[in-house]
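Survey of secondary and tertiary structure
Listed below are the residues making up each chain.
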Amino acid sequence: MKTVEIKELKTADLVERINTEVAKYNQTKANHAITPLENPSLIKEARRNIARLKTELRKRELENK
């Protein structure tokens, strides 16, 4: 997910997207532990997307103070 796309999301949508991405990440990690993925770099990409989303959320929290 691009940074521009993240900035366009509303805060409520951002929180929902974080929860969705974390659940998807955990499921992917569990599946990888059982059966190796064809492309294990998807785990790293998902982790970085979650970090981008959380960074934008934190930025918005700090702006509102």
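Predicted model only: the values in this text are computed from it and were never measured. Per chain, residues are indexed from 1 in the order of the written sequence. Since the coordinates come from a predicted model, pLDDT governs what is reported: local features require at least 70, and pairs of side-chain atoms require 80 or more to be given and counted, while whole-chain, interface and lining totals use all residues. Excluded from the side-chain calculations are hydrogens and water; all other atoms, namely the structure's heavy atoms, are used.

1. Describing helix α3 (residues 41-63)
What counts as a helix is a DSSP run of H or I of at least four residues, what counts as a strand is a run of E of at least two, and both are numbered from the N terminus. Take the residue count of a helix, subtract one, and multiply by 1.5 Å to get its expected span. Spanning 23 residues, α3 covers 33 Å between terminal C-alpha atoms, matching the ideal 33 Å at 1.5 Å per step. Exposed residues in this analysis have more than 50% of their type's maximum accessible area, buried residues have under 20%, and partly exposed residues fall in between, with area computed by a 1.4 Å probe over protein chains only. Among the residues of α3, those classed as buried are Ile43, Ala46, Asn49, Ile50, Leu53, Glu56, Leu57 and Arg60. Between two residues, a contact is recorded if the distance between any of their heavy atoms is within 4.5 Å. Looking at the buried side of α3, the elements it contacts are α1 (3-8) and α2 (11-34).

2. Points about the layout of surface pockets
In this structure, the largest pocket spans a volume of roughly 190 Å³. Among the secondary structure elements, those contributing two or more residues to the lining of the largest pocket are α2 and α3. In this classification, Asp, Glu, Lys and Arg are treated as charged, Ala, Val, Leu, Ile, Met, Phe, Trp, Tyr, Cys and Pro as nonpolar, and every other residue, Gly included, as polar. Of the residues assigned to the lining of the largest pocket, the class counts are five nonpolar, two polar and four charged. A pocket here means an open set of points on a 1 Å grid, computed over the protein atoms alone, that has protein on both sides within 12 Å along at least five of seven lines. A cavity is instead a set of points where a 1.4 Å probe fits but cannot get out; residues with an atom within 4 Å of a point line either one. Grid points are joined across faces, edges and corners, and a volume is the space filled by probe spheres set on the points.

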